[in-house]
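Reading the structure
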Amino acid sequence: MLDKTEEKILQRIDAYREQIINFAEDIASHPEPGFEEIRTAQKTAECLRQLGYEVTEHLARTGVRGDSHPAEGPHLTIIGEMDAIGCKAHPVSDPVTGVAHACGHHAQMAAMIGCAAALADTEIQKELGGSFSFLAVPAEEYIDADKRVRLQKEGTEFCCGKSEMIRTGVFDDTDIVLTTHVHMVPVEEDFYLGNPACNGYSAERVTVRGKAAHGAIDPWNGVNALSITTSAIQMMGLMRETFREEDHVRLHNVIRKAGDVINSVPDEAVVETKVRAASLGKLEEITDMVNRAYDGAAYAFGGRIEREILQGYMPILPRTADAALMEAADDLKLTYRTVQRGDFNNACTDVGDLSHLFPVVNFTFKGFEGRLHGADFRITDPEKAYILPAKLLALTVYKLLRNGGEEAGKICQDFTPVFDRESYTDYIRQQTDKNKTSGGKTE
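Below is a summary of the structure that appears in this document. (Residues numbered from 1 in each chain as written. Predicted model: local features only at pLDDT ≥ 70, side-chain atom pairs only at ≥ 80, totals over all residues. Heavy atoms only, no water.)

Bringing the sheet that holds strand β15 (residues 360-365) into the picture now. If you trace the 8 strands from one edge of the open sheet to the other, you get β1-β2-β6-β3-β7-β15-β8-β13, paired in mixed fashion. With one partner strand each, in any of the chains shown, β1 (54-59) and β13 (336-338) form the two edges of the open sheet. With strand direction ignored, the average angle separating the axes of adjacent strands in the sheet is 20°. Pairing analysis gives 4 bridges linking β1 to strand β2 (residues 63-67), with the strands arranged antiparallel. In the strand pairing of β2, V55 is matched with G66. Against the sheet, helix α3 (residues 38-50) contacts β1, β2 and β6 (131-137), and its axis sits at roughly 5° relative to β2. Contacting β8 (191-193), β13 and β15, helix α10 (residues 323-331) crosses the sheet at an angle of about 165° to β13. (Pairing = 2+ DSSP bridges. Helix = DSSP H or I, 4+ residues; strand = E, 2+ residues; numbered from the N terminus. Axes fitted to C-alpha atoms, helices over the stretch in contact; angles between N-to-C directions. Contact = heavy atoms within 4.5 Å.)

Following this line, the structure appears as structure tokens:
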């Protein structure tokens, strides 16, 4: 049974329905890459400011935060992700950058704005024993190595929006994080409540150094960097039979460069390698195997390996559906299932990093068709993809913070973080400070 405040929350979202849908479609029509979400950030700041929130911009380059009036009690941070994914074949991809909202981040943003519209009412805020903020976060999708180097020169040290925001203190007052996404695991129901276990990843950019020589006159005097690269990747393929199913290992390579001209022995190749796995320990183990493949191939041919470690994402620490979330879903009469033991998402997200510092109250939702990151991804049901997620978020915030923030307080009391800001920042820096050169001589 809904109380009067809950009825008012839903009424406000219904009254704001067209604005929520228009906001989502506008964001979808103007996709922007990670850390470059300038228009999206401006649109978000404008909406939050019109709703009466205190707005802070340019967090981790493009991030936007809207704050409610401070109140005693737990502080909740409701997150929306702003960036689009590279997908040139998508019918509404940006013709210059090639990115499109083929991962549904615009739906998250709509849910966040709808929640903000509901909770902007001062009478509703008086019923809450705590405070909350809305955080539009840049760069959830993978940022390639060249762009990372440029961003670091410009002052953005960490590779993704949430990680950079942890480093710079944006989350310092956060007690609980609320996140959403379109379904990422096979779920028939409209909603999936809780946060399933999820892969983390490690990454590196490997420069393979060989020795140039004429490809026809004296190839025996060269050291073929492409041959070293090919051999290393073949070795990685042969290692796959040693990967256990329960570790959810995935291994990806992209060759960025493999020589300059066809009639010379390639003296340089550049590869980006990404390892996914279900735990930090397994990530380190498989990454060591990958590095042995590179080092062994370089030694065999007499080349050299230069390794640049790239920051990855941590695996998600799973969390079952919280009582407030399930109660809100029941009040809305949603069809849903909850996260069960053994559920797993083979993808990666920087929400995994957040889950090591904060309790993350999460749900995913339907309302779309096609493949995530695919050209056929599109929203088919705005009610399920934009409006109902906004209602579920808003009701959950209310249920967590009513009665003096009692339910939120229980969650905070039961949660033990793995890191705080300082130890997290130190850990990331230690992981990326492992660059080295190995292999034989090429002189």
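Helix packing for two helices is described by the angle between their axes and how far apart those axes are. Packing of helix α2 (residues 17-29) against helix α4 (residues 105-119) leaves a shortest axis separation of 9 Å and a crossing angle of 150°. Classified by the angle between their axes, α2 and α4 sit roughly antiparallel to one another. Viewed along their axes, α2 and α4 form a crossing whose handedness is right-handed. For the pair α2 and α4, the contacting residues are I20, F23, A24, I27 and A28 in the first and H106, M109, A110, I113 and G114 in the second. Within the contact of α2 with α4, the residues separate by chemical class into 8 nonpolar, 2 polar and no charged. (Parallel < 35°, antiparallel > 145°, perpendicular 65-115°, else oblique. Left-handed = near helix turned anticlockwise from the far one by under 90°. Nonpolar A, V, L, I, M, F, W, Y, C, P; charged D, E, K, R; others polar.)

Our next topic: α2. An ideal rise of 1.5 Å per residue puts 18 Å on 13 residues; α2 measures up with 19 Å between its terminal C-alpha atoms. For α2, every residue scored as buried is listed here: I20, I21, F23, A24, D26, I27 and A28. (Expected span 1.5 Å × (residues − 1). Buried < 20%, exposed > 50% of the residue type's maximum accessible area, 1.4 Å probe, protein only.)

With a phi close to 65°, H58 is a non-glycine residue in the positive phi region. Using a relative accessible area of 64% as the deciding quantity, one classes H58 as exposed. We note that A139 has phi near 55°; this positive angle belongs to a residue other than glycine. Judged by its relative accessible area of 0%, A139 falls in the buried class.

Relative to each other, α2 and helix α12 (residues 382-414) sit at 115°, their axes nearing to 10 Å. Classified by chirality, the crossing of α12 by α2 is right-handed. Listed contacts from α12 to R17, I20, I21 and A24 of α2 are P382, E383, Y386 and I387. Here the contact of α2 with α12 is built from residues that sort into 6 nonpolar, no polar and 2 charged.

All right, on to the packing of aromatic side chains then. Taken as a whole and judged by the stated rule, the model has 12 aromatic pairs. Look at Y53 and F132: their rings are 6.3 Å apart centre to centre, the planes differ by 70°, and that puts the pair in the edge-to-face class. One end of the pair, Y53, is in the loop between α3 and β1; the other, F132, is in strand β6, with 79 residues separating them in the sequence. A relative accessible area of 1% places F132 in the buried class. Site record: aromatic cluster; members linked through ring pairs are F158, F419, Y424 and Y427. Over the aromatic face of F158 sits the side chain of R167, whose NZ or CZ is 5.9 Å from the ring centroid. The side chain of K274 reaches across the aromatic face of Y201, ending 4.3 Å from its centre. (Phe/Tyr/Trp six-rings, centres within 6.5 Å; stacked < 30°, edge-to-face > 60°. Lys NZ or Arg CZ within 6 Å of the ring centre and 35° of its normal.)

Another aspect to go through is the layout of surface pockets. Taken as a whole, the largest pocket spans an internal volume of roughly 910 Å³. Listing elements by their share of the lining of the largest pocket, those giving two or more residues are β4 (85-86), β10 (250-258), β11 (268-277) and β14 (344-348). Its residues assigned to classes, the lining of the largest pocket comprises 14 nonpolar, 9 polar and 10 charged. (1 Å grid on protein atoms, 1.4 Å probe; cavity = no way out; pocket = protein on both sides within 12 Å on 5 of 7 lines; lining within 4 Å. Points joined across faces, edges and corners; volume = space filled by probe spheres on them.)

The final tally for this structure, using the stated rule, is 45 salt bridges. The residue R65 makes a salt bridge to D67 at a minimum N-O spacing of 2.8 Å. We classify R65 as buried; its relative accessible area is 10%. We note a salt bridge from R205 to D146, for which the minimum N-O separation is 2.4 Å. Separated by 59 residues along the polypeptide, R205 in strand β9 (residues 197-209) and D146 in helix α6 (residues 145-153) bring together distant segments of the chain. Overall, R205 belongs to the buried group, its relative accessible area being 14%. A single network of salt bridges, built from pairs that share partners, joins R209, K257, D260, E268, R304 and E306. (Salt bridge = Lys/Arg side-chain N within 4 Å of Asp/Glu carboxyl O.)

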